[in-house]
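Residue-level listing of the chains:
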Amino acid sequence: NAGVTQTPKFQVLKTGQSMTLQCAQDMNHEYMSWYRQDPGMGLRLIHYSVGAGITDQGEVPNGYNVSRSTTEDFPLRLLSAAPSQTSVYFCASSYQRYMPIGNEQFFGPGTRLTVL
Amino acid sequence: GDSVTQMEGPVTLSEEAFLTINCTYTATGYPSLFWYVQYPGEGLQLLLKATKADDKGSNKGFEATYRKETTSFHLEKGSVQVSDSAVYFCALLKNAGGTSYGKLTFGQGTILTVHP
């Protein structure tokens, strides 16, 4: 198993540009999520999905869109990039729709995004 | 809302020193508690977890005990190695049910550097 994969690893955008961060998992996990990591703030949840066709907002959803057309893929779209979206983005997945007590999330290697 | 507070870093230790990274939380109900580790250039990996009060999680020589009376989950290791240099995140997960499933709440992270 490749686990959770993310592309690209690095990206530089100009303000106003759009792009899609890719995330895929091959573990047949129902639950997938996107976090952003900023210095001194830990990880914050952007969007999550409990299965194909179902998505919901996390703590910091503004400026981001997601969709979940398949179990494997969960892309994150930046509609009009802003410097405040400079961050490291992590995708994570888990094998049950309703996370029972103590369920583990598996994280991808991250995408480092810089918006100029 | 739920929150996790970790001790300020960075923490710098010599090899074989004793490590403590403090973590306290605020949450209603009975969350599960986790420590994740992030090695340079990689995503987060689960280090250990505890799902109820007085549980002790342990892995790779690290330990943490779920203390409900002090709302704490401090990470300890008796003798650190250079290879333990990483960023450590404390996190909580609310029990399954309602709309809070799957939402990990992270502390801000603590950078640990171990010198030979």
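Residues numbered from 1 in each chain as written. Chains lettered and ligands numbered in written order. Predicted model: local features only at pLDDT ≥ 70, side-chain atom pairs only at ≥ 80, totals over all residues. Heavy atoms only, no water.

Quick look at the overall build of chain B now. In terms of helices and strands, chain B carries zero helices and 12 strands. For chain B, the α and β elements follow one another from N to C terminus as β-β-β-β-β-β-β-β-β-β-β-β. For chain B, the C-alpha radius of gyration of 14 Å lies close to 13 Å, the compact-globule estimate for 116 residues. By principal-axis analysis of the C-alpha atoms, chain B measures approximately 50 × 30 × 25 Å. For chain B, buried positions account for 45% of its 116 residues. If you sum the accessible surface of chain B, you get close to 5300 Å²; carbon and sulfur atoms cover 50% of it. Within chain B, one finds 9 positive and 11 negative side-chain charges whose respective centroids are separated by 10 Å. (Helix = DSSP H or I, 4+ residues; strand = E, 2+ residues; numbered from the N terminus. Rg over C-alpha atoms; globule rule 2.2 N^0.38 Å. Buried < 20%, exposed > 50% of the residue type's maximum accessible area, 1.4 Å probe, protein only. Areas by Shrake-Rupley, 256 points an atom, 1.4 Å probe, with all protein chains shown as cover. Lys, Arg positive; Asp, Glu negative; His and termini not counted. Charge placed at Lys NZ, Arg CZ, Asp CG, Glu CD.)

Below, the discussion takes up the sheet that holds strand S9 (residues 75–77) of chain B. Residue and element names in this part refer to chain B. If you walk across this open sheet you meet the four strands as S3-S9-S8-S7, and the pairing is antiparallel. Every interior strand has two partners, whereas the edge strands, strand S3 (19–21) and strand S7 (56–59), have only one. This sheet shows a mean twist of 15 degrees between the axes of neighbouring strands, independent of strand direction. Note that strand S8 (residues 62–65) and S9 share three bridges and pair antiparallel. Bridge pairing in S9 links glutamate 63 to glutamate 76. (Pairing = 2+ DSSP bridges. Axes fitted to C-alpha atoms, helices over the stretch in contact; angles between N-to-C directions.)

Okay, unusual backbone geometry next. In the segment running from A:Thr7 into A:Pro8, the intervening peptide bond is cis, with an omega of -10 degrees. You can see A:Pro8 is positioned in the loop between strand S1 (4–7) and strand S2 (10–13). Even without a glycine there, the phi angle at B:Glu16 is positive, about 75 degrees. Following the sequence through the fold, B:Glu16 ends up in the loop between strand S2 (11–14) and S3. According to the relative accessible area criterion, B:Glu16 is exposed, its value standing at 61%. One non-glycine residue, B:Lys60, adopts positive backbone phi at about 55 degrees. As for its position among the elements, B:Lys60 is in the loop between S7 and S8.

Residues and elements named next belong to chain A. Scanning all chains against the criterion turns up two disulfides over all chains. One disulfide bridge connects cysteine 23 with cysteine 91, the sulfur atoms lying 1.8 Å from each other. As the torsion about the S-S bond is roughly -70 degrees, the cysteine 23-cysteine 91 disulfide counts as left-handed. Remark: cysteine 91 occurs in strand S9 (residues 87–94) and cysteine 23 occurs in strand S3 (residues 19–25); sequence separation between them is 68 residues. You'll find cysteine 23 and cysteine 91 in the same group, each marked buried. (Disulfide = S-S within 2.5 Å.)

As a further point, take the sheet that holds strand S8 (residues 76–78) of chain A. To summarise the sheet geometry, strands pair through backbone hydrogen bonds and adopt either a parallel or an antiparallel arrangement. All names here are of chain A. Spatial strand order, S1-S3-S8-S7: four strands in an open sheet with antiparallel pairing. Edge positions in the open sheet fall to S1 and strand S7 (64–66), since each of these has one partner strand only. Between one strand and the next, the sheet's axes are offset by a mean angle of 20 degrees, whatever the strand orientation.

Now for the pairing of strand S4 (residues 23–26) of chain B. Residue and element names in this part refer to chain B. Of the two faces of S4, the one lined by Cys23 and Tyr25 is fully buried and the one lined by Thr24 and Thr26 carries no buried residue. Pairing geometry for strand S1 (residues 3–6) and S4, over four bridges, is antiparallel. Residue pairing for S4: serine 3 is matched across the bridge by threonine 26.

Before going further, it helps to examine the pattern of salt bridges. Tallied over the entire structure, the rule returns five salt bridges over all chains. For B:Glu63, the salt bridge goes to B:Lys56, with nearest N and O atoms at 3.7 Å. Of the charged contacts, one joins B:Asp84 and B:Lys77 as a salt bridge, the two residues approaching to 2.8 Å between their closest N and O atoms. For B:Asp84, a relative accessible area of 6% gives the class buried. Look at the salt bridges and you will find they share partners, linking A:Arg36, A:Asp38 and A:Arg44 into a network. (Salt bridge = Lys/Arg side-chain N within 4 Å of Asp/Glu carboxyl O.)

Further remarks concern the side chain of A:Arg68. All names here are of chain A. Along the chain, the position of arginine 68 falls in the loop between S7 and S8. A distance of 2.9 Å separates a polar atom in the side chain of arginine 68 from the backbone oxygen of glutamate 30. A distance of 3.2 Å separates the side chain of arginine 68 from the backbone oxygen of threonine 70, its partner in a polar contact. (Polar contact = N/O pair within 3.5 Å; in protein donor to acceptor, adjacent residues only side chain to side chain.)

No statement about biological role is implied by the geometric values presented.
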